[in-house]
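These are the residues of each chain, in order.
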Amino acid sequence: MFVARIYQHAWLLIRLPVLACALLLIIFLWAVVWPMPPSQLSITTAGAPGAYHELGLEYAKKFAARGIFLDVQTSEGSQQNLERLGASQNPSDLALMQGGFGYLGTSGERRERSRVETLANISIEGVWLFTRDRTITSLSQLKGLRIAVGPPRGGSRRVGLKLFEQARIDLKSVTLSSQAGPDAVAALDEGLVDAVFFVAPPESGTLTRFLAMPKAQLASLGKSAAIAERNPYLEPRLLAQGALGNGLPPRDTTLLTATASLVAREDLHPALKRMALAVSAEVHTGGGLFYKAGDFPSLRRIDFPSAPEARSMLADGLPFLERTFPFWWAQVAERLLLIVLPIALLTGWLLRFLPALLRWTLESRLARWYGELKFIENDLLQAQVPGMDLARFLGRLNTIDSDLLNFRCPKELMPRCFVLRQHVEFVRQRLYKVRGR
């Protein structure tokens, strides 16, 4: 009997396959469905030196303390950062993005934007316009000037070109150059350009250099509220006299601001998204010129869709394991609890249930033979049994006896099989006596 043969070799035919399947399932779930996070990430920032690049280096230190190597990549700016996040080969994992790139761009860039998620807004940056020895109160006054707007794939250039377009400034009427940072400072100081447009935080070294330049004047643009209404990523703020130090600006100035954000590619490992947000919470705990301590990180006025992990973490904090244990131990413990433990419990149950099921099947077969004997004995208790029935009963007893001879009885059931064969012989002898009357 096939079931009896399987039961007799339970370790080889039941327990060993169950254990092997359980091990393969654990490996598959651990390695494919829910893999461990990679130990190396990349973040694309901006040119070095620069505020974004310095921030990326600070992030790298925090990641290293958690056992993750963060490769800080320089770039021309937010436009190139966005391209790197959406690249089909060797994409960047994280990026520091200037505000507005969820709104700016052409329809051809929708694919890149759709692959990007906001982890958190991290700071507020000013939209700065410095001129050389001239007062500017309107963007239209830039016509005919030489303007440094940063590199072609930089965020400052993209914002500047959008504002110039809304101010109806024909790009043929201005001369644009790609200087940025210290190069732009030197170009304005030497008279190579008439104005410099850039987006940067108040603590930017570039801004400090412009403020220290006697010939540089900070523009205070009129109709800032109207500009912000057309560009949801911008917000007008009052820059109070002396807010930048050394009596600068010399008077209250209306300044447009944008929100900088930490973004990630959509398919980045969820645990690494949570880690990046935890790191940003450590780096951006303090206040700034335009915001108070505790305002960041946040998900207000975001450019790209927010990551589910970011919403969950800002609402409830890190999961218990990641809050209690070091990062890698938390990842291992999470998989032990949610993968290994359930499969181990199921495997243990199957190792007990399947042999018990086979034993029940075998015992049911023996019980059925006992039941047939009982029916024959009950019929023998009748006063007269026809000869035809006696022959049929003998044939059935011979069949049961033959089945018992072919039945591969397990050791645990041998006593019952032996007793059953005795009962069969006992009933056969009774049949012989009845037939001989």
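Residues numbered from 1 in each chain as written. Predicted model: local features only at pLDDT ≥ 70, side-chain atom pairs only at ≥ 80, totals over all residues. Heavy atoms only, no water.

Asker: Looking at this model, I keep getting lost on empty space enclosed by the protein. Mind explaining?
Answerer: Vacant regions in the atomic arrangement are exposed by a probe of water-molecule size rolled over the atoms. Applying the stated criterion to the full structure yields one cavity of 30 Å³ or more. A volume near 50 Å³ is recorded for the largest cavity. Along its surface, the largest cavity is lined by Val127, Leu129, Ala219, Leu221, Thr254, Leu255 and Leu256. Those elements that place two or more of their residues in the lining of the largest cavity are β4 (116-132) and β10 (253-265). Among the elements that make up the lining of the largest cavity, the one with the highest residue count is β10 (three residues). For the lining of the largest cavity, the class distribution of residues is six nonpolar, one polar and no charged. (1 Å grid on protein atoms, 1.4 Å probe; cavity = no way out; pocket = protein on both sides within 12 Å on 5 of 7 lines; lining within 4 Å. Points joined across faces, edges and corners; volume = space filled by probe spheres on them. Helix = DSSP H or I, 4+ residues; strand = E, 2+ residues; numbered from the N terminus. Nonpolar A, V, L, I, M, F, W, Y, C, P; charged D, E, K, R; others polar.)

Asker: I'm lost on the pattern of salt bridges in this one. Help?
Answerer: Pairing between side chains of opposite charge can happen when the charged atoms of each approach one another. Going through the model one piece at a time under the given rule, you end up with 14 salt bridges. The salt bridge involving Glu309 is made with Lys273; its shortest N-O contact spans 3.8 Å. On the criterion of sequence distance, the pair formed by Glu309 in helix α11 (residues 308-316) and Lys273 in helix α10 (residues 270-283) is long-range, its members being 36 residues apart. Judged by relative accessible area, which is 17%, Glu309 ranks as buried. (Salt bridge = Lys/Arg side-chain N within 4 Å of Asp/Glu carboxyl O. Buried < 20%, exposed > 50% of the residue type's maximum accessible area, 1.4 Å probe, protein only.)

Asker: Hey, could you run me through helix α3 (residues 51-65) in this one?
Answerer: Count 3.6 residues to each turn of an α-helix, and residues three or four apart come out pointing the same way. Its 15 residues give α3 an end-to-end C-alpha distance of 22 Å, which sits within 8% of 21 Å, the value for a rise of 1.5 Å per residue. Taken residue by residue, α3 has Tyr52, His53, Leu55, Gly56, Tyr59, Ala60 and Phe63 as its buried positions. The arc enclosing the buried residues of α3, seen along the axis, measures out at 155°, which places them on a common side. Exposed side of α3, more than 90 degrees from the buried face: Lys61, Ala64 and Ala65 are the residues found there. One or two steps after α3, the chain reaches Gly67, where phi turns positive at roughly 85°. (Expected span 1.5 Å × (residues − 1). Arc of directions from axis to C-beta.)

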